[in-house]
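Chains, contacts and geometry: an overview
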Amino acid sequence: MNTVSSWRAVWLIAKRELNTRLRTRSFVIGTAVLLVMLMGYVLLQSTLADSQDKSKIGLTGQTAGIAQQLEKAGAAIGEKIETVTVADPAQGRTQVENGDLDALLSGNATELKVLVKAELGTKLRTVLNGVSQQEVLNGILSEAQKSPDEVMRTVGQTQVEVDSIKPPDPEKSQRMVIGLIVAVLLYMSIVTYGTLVAQGVVEEKSSRVVEILLSTVRPWHLLLGKVIGLGLVGLTQLVIIGGAGLLVASATNVLTLSGVATGALLWGVVWYLLGFLLYATVYGAMGSLVSRQEDTQSVIGPVNIVLILGFVVGFNLLAQSPEGTGTKVLSLVPLLSPVLMPARIAAGTVEVWEIALSLGLTMGAIALFTWLGARIYQNSVLRVGSRIKLSEALKG
């Protein structure tokens, strides 16, 4: 069989997997469920972002006169303050208990009394202290026959001079969020569709369909075609979910659809393809060791454990210290690079040489695992009955 016909055989098998899986109810329902979950998460973040820096304050008695000062002081530190006048303090207390008010002010501007349900937020405490201190200062300056406005203008002009070694990244927080989301999506997709490769191999082996297929194609054609086909199915789902998530996040102002977001999506696609090729071949080879679906988990379990442990450790390091040595080292390990490297790229914490090195190491690992996987698959896919030992499959 020549090279062209070999790759045509691989493509026909991949096309069969692609057409079959994309039309299944499980793919449609699974994609819809993931979309709903992602949309819910994005909308929740949008709601939290809107409410996190917003406070509703009730004003009683003399405190009604500082409504504008509170709003201006809050705006100065990014805290949106809404004030309402409360005629009855008892009614205001009830509103605080019910959560309708974040705080109720009483007393006067220089001696503010604050009623909260549980705890006064740091930003709101800063605003209230600042307004009260300003009123006290104004009173002292008036007694000294000095203009409070002139004094505060002079004081306000005194600022520290800041010189940064490295300019701040205005998109740092957004990069971090995108990086973590990319890591989670890639991890879930690789585990899900890698497992499907193993299950598909076992299904064909147990039903003896594989014997018919291998009468016309070689074992490595069948394995590679199945990996490519299911990989494209996973990629389709990943692009749908990632694209929809970016659009909704942009529409709700959770993220801005900038080069950071689109670049993260493109790198995610690249690393998904590499990661899937790396893991799916192993999943398929391990699946060929057994003949029953109930035994599948026993052979792919070790692969899952490696991926899960690496992901959990790497994810925590990425969230806590994206520029730390541990994060950098783990992201260069081929088995973890497909999950951690795109996240580091999105977070903007990676050098060009690290990307090049991780790509080289991962592609080398893909070549090695493909050779080993094809050998295991070829030596065990036609053997039915009890589970085949890995050492026997490698020997042939």
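Residues numbered from 1 in each chain as written. Predicted model: local features only at pLDDT ≥ 70, side-chain atom pairs only at ≥ 80, totals over all residues. Heavy atoms only, no water.

Attention shifts here to the side chain of Ser-288. The topology assignment puts Ser-288 in the loop between α10 (259–287) and α11 (296–320). With residues up to four places along the chain from it excluded, the contact list for Ser-288 reads Val-201, Lys-205, Ile-376, Tyr-377, Ser-380, Val-381 and Ile-388. (Helix = DSSP H or I, 4+ residues; strand = E, 2+ residues; numbered from the N terminus. Contact = heavy atoms within 4.5 Å.)

All told, the structure shown has seven salt bridges when counted by the stated rule. Glu-17 is paired through a salt bridge with Lys-226; the nearest N and O atoms lie 2.6 Å apart. Here the residue Glu-17 occupies a position in helix α1 (residues 3–22), and Lys-226 occupies one in helix α9 (residues 219–251), the gap between them amounting to 209 residues. Taken as a pair, Glu-17 and Lys-226 share a single burial class, namely buried. (Salt bridge = Lys/Arg side-chain N within 4 Å of Asp/Glu carboxyl O. Buried < 20%, exposed > 50% of the residue type's maximum accessible area, 1.4 Å probe, protein only.)

Direction vectors running N to C along α11 and helix α12 (residues 325–332) enclose 140 degrees, while the axes themselves pass 9 Å from each other. Regarding the angle of α11 to α12, the classification is oblique. For the pair α11 and α12, the sense of crossing is left-handed. Taking contact as the criterion, the partners of Val-313, Gly-314, Leu-317 and Leu-318 in α11 are, on α12, Gly-326, Thr-327 and Leu-330. Of the residues contributing to the contact of α11 with α12, the split by class is four nonpolar, three polar and no charged. (Axes fitted to C-alpha atoms, helices over the stretch in contact; angles between N-to-C directions. Parallel < 35°, antiparallel > 145°, perpendicular 65-115°, else oblique. Left-handed = near helix turned anticlockwise from the far one by under 90°. Nonpolar A, V, L, I, M, F, W, Y, C, P; charged D, E, K, R; others polar.)

Two numbers describe how helix α13 (residues 337–347) lies on helix α14 (residues 352–380): the axes approach to 11 Å, and their chain directions differ by 165 degrees. Between α13 and α14, the crossing angle belongs to the class labelled roughly antiparallel. The two elements α13 and α14 cross, and the hand of that crossing is left-handed. On the side of α13, the interface is formed by Ser-337, Met-341, Arg-344 and Ile-345, while α14 contributes Glu-354, Ile-355, Ser-358 and Thr-362. Residue composition of the contact of α13 with α14, grouped by class: three nonpolar, three polar and two charged.

Turning our attention to the UniProt feature "transmembrane region" (unreviewed entry) in the chain. Here, UniProt's "transmembrane region" (unreviewed entry) annotation points to residues 26–44, 176–202, 222–247, 254–279, 299–318 and 355–377. Helix and strand shares over residues 222–247 are 100% and 0% respectively, and the end C-alpha atoms of the span are 38 Å apart. The span residues 299–318 is 100% helical and 0% strand by assignment, and the distance between its end C-alpha atoms comes to 30 Å. (UniProt positions renumbered as here; feature names shortened; annotations may be inferred.)

This paragraph deals with the sheet that holds strand β4 (residues 111–115). Reading across from one edge, β2-β1-β3-β4 is the order of the four strands in this open sheet, with mixed pairing throughout. Unpaired on one side and paired on the other, β2 (80–85) and β4 mark the two borders of the sheet. Sheet twist, expressed as the average angle between the axes of neighbouring strands with direction ignored, equals 30 degrees. When strand β3 (residues 103–108) meets β4, the two strands line up antiparallel, connected through five bridges. For Leu-104, the partnering residue across the bridge sits in β4 and is Leu-115. Across the sheet, helix α3 (residues 67–76) is in contact with β1 (54–59), β2 and β3; its angle to β2 comes to roughly 165 degrees. Sitting on the sheet, helix α4 (residues 89–98) touches β3 and β4, and the angle it makes with β3 is about 150 degrees. (Pairing = 2+ DSSP bridges.)

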